[in-house]
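These are the residues of each chain, in order.
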Amino acid sequence: MIEIIPAIDLIEGRCVRLTKGDYSTKKVYDADPLDLALAYRDCAVRRIHLVDLDGARVSSPRNLRTLEKIAGRLDIEIEWGGGISSPEALRDVFNAGASHAIIGSVAALHPDEFVSWMELFGSSSLILGADVRGRKVSVKGWAEDSARTIDELLDFFAPKGLQEVICTDISRDGMLQGPNTALYSELQSQHPSLSFTVSGGISCMDDIRRLDEESLRKVIVGKAIYENRITLNDILQWSQNE
């Protein structure tokens, strides 16, 4: 069964959600990040997805104290994305408690450097973050599109030890209109050695069931939880049946 990974997006230490990555659409939720993470842990999930939106804008982590608080209380995997632009920042993220780090802009703009990070930190701890408009990979907090397509990045990194990819269809992000299932099925079939995580557009459990039927392996769920379209009990039941 596909693994559900709940998301917590952070601005100034608070839980937020954006639409299509547009910061002007920011919606702040009352939930405390630590309380939300604890609730997800109680739903028997194996991993939580934390995104530092402040860090993504300035290319440097800005919410590491929140990561430290969560990692200090939870004995589950935490994947962290946002602002990792140097080996020093990557070490800071791991030292703060992340088990996995998501690398987007560096991988798209400086692929050889990402390869060196996989060699230095271990490819199993690094995840390629490929956020796409069409097939073009966006960078710098989705503010710009790079010259590379997701297909080019996968062809380059797969032979070099890459294991995991999170692909966000930006046009679906925060829209609650369903994921781009065809894209993910195509990518997974083309690169069976890689584990793809679906991100963007999840609106209900039926979306997750359809992804599971396509043999996709992981899915990130964010706004659908905040908007109560997917409940904690839904996640618990799914996790217990995995």
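No experiment lies behind these values; they were computed from the predicted model shown. (Residues numbered from 1 in each chain as written. Predicted model: local features only at pLDDT ≥ 70, side-chain atom pairs only at ≥ 80, totals over all residues. Heavy atoms only, no water.)

**Structural notes on unusual backbone geometry**
Negative phi is the rule for most residues except glycine; trans is the rule for most peptide bonds. In plain terms, the rule: Helix and strand labels come from DSSP, where a helix needs a run of H or I of at least four residues and a strand needs a run of E of at least two; each type is numbered from the N terminus. Only protein chains enter the calculation, and the probe is 1.4 Å; a residue is then buried if its accessible area is under 20% of its type maximum, exposed if over 50%, and partly exposed in between.
A positive phi is found at Glu12, a non-glycine position, where the angle reads about 55°. Within the element layout of this structure, Glu12 appears in the loop between β1 (3–11) and β2 (14–19). For Glu12, a relative accessible area of 66% translates into the label exposed.

**Brief notes about the pairing of strand β7 (residues 126–133)**
Counted only if it meets this: Here, strands pair whenever DSSP counts at least two bridges between them.
Most of β7 sits out of view: seven of its eight residues are buried. Where strand β6 (residues 100–103) meets β7, three bridges bridge the pair, whose relative direction is parallel. Each residue of the ladder has a partner; that of Ala101, found in β7, is Leu126. The pairing of β7 with strand β10 (residues 164–169) spans six bridges and is parallel. When the bridges of β10 are listed, Leu128 appears paired with Val165. Where β7 folds back onto strand β8 (residues 136–139) in an antiparallel hairpin, the turn is made up of two residues, including Gly134, whose phi is positive at roughly 70°.

**Quick notes on helix α7 (residues 150–157)**
Here is the rule we go by: Picture the helix axis, draw a direction to every C-beta atom, and the arc is the one those directions span.
Where α7 is concerned, the buried positions are Ile150, Leu153, Leu154 and Phe157. Down the axis of α7, the buried set is contained in an arc of 95°. They therefore lie on one face.

**Observations regarding the packing of aromatic side chains**
Applied cut-off: Each Phe, Tyr or Trp ring, with Trp reduced to its six-membered ring, pairs with another whose centre is within 6.5 Å; inter-plane angles below 30 degrees give stacked pairs, above 60 give edge-to-face pairs, and intermediate values give tilted ones. In our convention, an over-ring charge means Lys NZ or Arg CZ found within 6 Å of a ring centre and within 35 degrees of that ring's normal.
This structure, assessed with the given rule, holds four aromatic pairs. Ring centres 4.4 Å apart and planes at 15° place the aromatic pair Tyr29 and Tyr226 in the stacked group. Linking Tyr29 in the loop between β3 (22–28) and α1 (33–41) with Tyr226 in helix α10 (residues 223–226), this pair joins segments that are 197 residues apart in sequence. There is no split in this pair, since Tyr29 and Tyr226 are both buried. An angle of 75° between the planes, with centres 5.2 Å apart, marks the rings of Phe156 and Phe157 as edge-to-face. What makes Phe156 partly exposed here is its relative accessible area of 26%. Site record: aromatic cluster; members linked through ring pairs are Phe114, Phe156 and Phe157. Directly above the aromatic system of Tyr23 lies the positively charged group of Arg57, at a separation of 4.1 Å from the ring centroid.

**Let's talk about the pattern of salt bridges**
Two side chains with opposite charge may pair up if their charged atoms get near one another. To be explicit about the condition: Only one rule defines a salt bridge in this text: a Lys or Arg side-chain nitrogen within 4 Å of an Asp or Glu carboxyl oxygen.
Inspection of the entire model under this criterion finds 15 salt bridges. One salt bridge in this structure joins Asp145 and Arg133, with 2.7 Å as the shortest N-O distance. One end of the pair, Asp145, is in strand β9 (residues 144–149); the other, Arg133, is in strand β7, with 12 residues separating them in the sequence. Given a relative accessible area of 42%, Asp145 falls into the partly exposed group. Note that Arg135 is salt-bridged to Asp151, the shortest N-O span being 2.8 Å. Pair noted here: Arg135 is in the loop between β7 and β8 and Asp151 is in helix α7, with a separation of 16 residues, a long-range link. The class for Asp151 is partly exposed, based on a relative accessible area of 21%.

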